[in-house]
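Letter by letter, the chains look like this.
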Amino acid sequence: MISRWANQKPKAIALRRKGNAIRDIEKKLGIPRSTLSGWLRSIQLTKRQQTKLKKRAEQGLVKARLEAVRWHNAQKSYRLEKAAQIGEEVLERIPNDTATLELALAFLYLGEGSKRNIGTSLGSSDPRIAKFFVQCLKKIYGVPVENIRCYLHLRSDQNPEKMKRYWSHELRLLRTNFGKTSIDKRTAGKPTYPHYKGVCLIECGRVDIQRRLMYIANGFCERINEASMRR
């Protein structure tokens with residue numbers, strides 16, 4: 001059976017002998033690559049032509065990778081913007097009252113707080129979380145500032161006084177709120193990332209707050225689980 005593109009075979013062969021890539025011939029003449037592969041299989045390119053095509057293919061691969069990175073970054077940026085938009089909409093629906101604030105604190109404490117039966121304490125390397133905890137202690141439970149104690153856990157190359165100034169400023173607490181600093185000697189000789197300011201452990205002596213928070217968090221989980229079982 002004669003191919004419908006048979007009359008263009010001489011053109012395809014001539015282009016290949018000039019060193020054109022098969023994909024370029026396909027694009028120019030509109031002949032399927034499978035057909036061209038059969039026609040041009042026996043044509044040997046010169047070393048110069050092979051080198052030129054190889055270099056072009058490598059450049060095309062680099063360009064394709066750059067395009068893929070740009071596409072990926074654009075998609076990631078879109079997803080981040082979408083997440084932020086949805087997050088803002090959710091935040092707008094959350095009531096700004098003490099009960100909601102305490103529920104948020106209860107779940108934070110369920111995951112990060114100390115469960116020892118000697119008081120209420122939470123440690124974090126994130127100043128936003130630590131500040132939230134301090135503000136809740138004062139706003140919800142009326143804990144006096146002087147009853148809040150902070151203890152820093154640092155790496156060997158971190159300056160205790162500098163870190164106390166940092167956390168004192170972030171938490172809006174006095175230096176007198178800070179107790180003895182602990183240094184992890186196992187980190188000696190290992191440089192610390194500039195953004196890492198150690199862990200700040202925040203304590204207050206009222207174990208009743210811990211018990212209340214744990215009851216709220218566990219009780220809320222149980223209510224949701226029971227509701228789902230009734231469906």
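Check the entry above for the structure.
The text that follows walks through the structure, step by step, so that each part is easy to find. The structure presented is a predicted model; accordingly, all values stated were derived computationally and were not measured. (Residues numbered from 1 in each chain as written. Predicted model: local features only at pLDDT ≥ 70, side-chain atom pairs only at ≥ 80, totals over all residues. Heavy atoms only, no water.)

**Brief notes about the nonpolar core**
Of all hydrophobic cores here, the largest spans 29 residues; its most connected members are Leu105, Tyr141, Cys150, Leu171, Cys200 and Ile202. Of all the elements, helix H6 (residues 127–141) adds the most residues to this core, at seven residues. Of all hydrophobic cores here, the second largest spans nine residues; its members include Leu36, Trp39, Leu40 and Ile43. (Core = buried A, V, L, I, M, F, W, Y, C linked by side-chain atoms within 4.5 Å. Buried < 20%, exposed > 50% of the residue type's maximum accessible area, 1.4 Å probe, protein only. Helix = DSSP H or I, 4+ residues; strand = E, 2+ residues; numbered from the N terminus.)

**Structural notes on the layout of surface pockets**
In this model, the largest pocket occupies a volume close to 300 Å³. If you go around the largest pocket, you meet 13 residues; those closest to its centre are Pro95, Asn96, Asp97, Thr100 and Leu101. Elements represented by at least two residues in the lining of the largest pocket include exactly helix H5 (98–112) and H6. A per-class count over the lining of the largest pocket returns seven nonpolar, four polar and two charged. (1 Å grid on protein atoms, 1.4 Å probe; cavity = no way out; pocket = protein on both sides within 12 Å on 5 of 7 lines; lining within 4 Å. Points joined across faces, edges and corners; volume = space filled by probe spheres on them. Nonpolar A, V, L, I, M, F, W, Y, C, P; charged D, E, K, R; others polar.)

**Examining the packing of helix H1 (residues 9–17) against helix H3 (residues 33–40)**
The contact between H1 and H3 brings their axes to 10 Å, and the two run at 70°. Comparing the axis directions of H1 and H3 gives the class roughly perpendicular. Contacts between H1 and H3 involve Lys9, Ala12, Ile13 and Arg16 from the former and Leu36, Trp39 and Leu40 from the latter. For the contact of H1 with H3, a count of residues per class yields five nonpolar, no polar and two charged. (Axes fitted to C-alpha atoms, helices over the stretch in contact; angles between N-to-C directions. Parallel < 35°, antiparallel > 145°, perpendicular 65-115°, else oblique. Contact = heavy atoms within 4.5 Å.)

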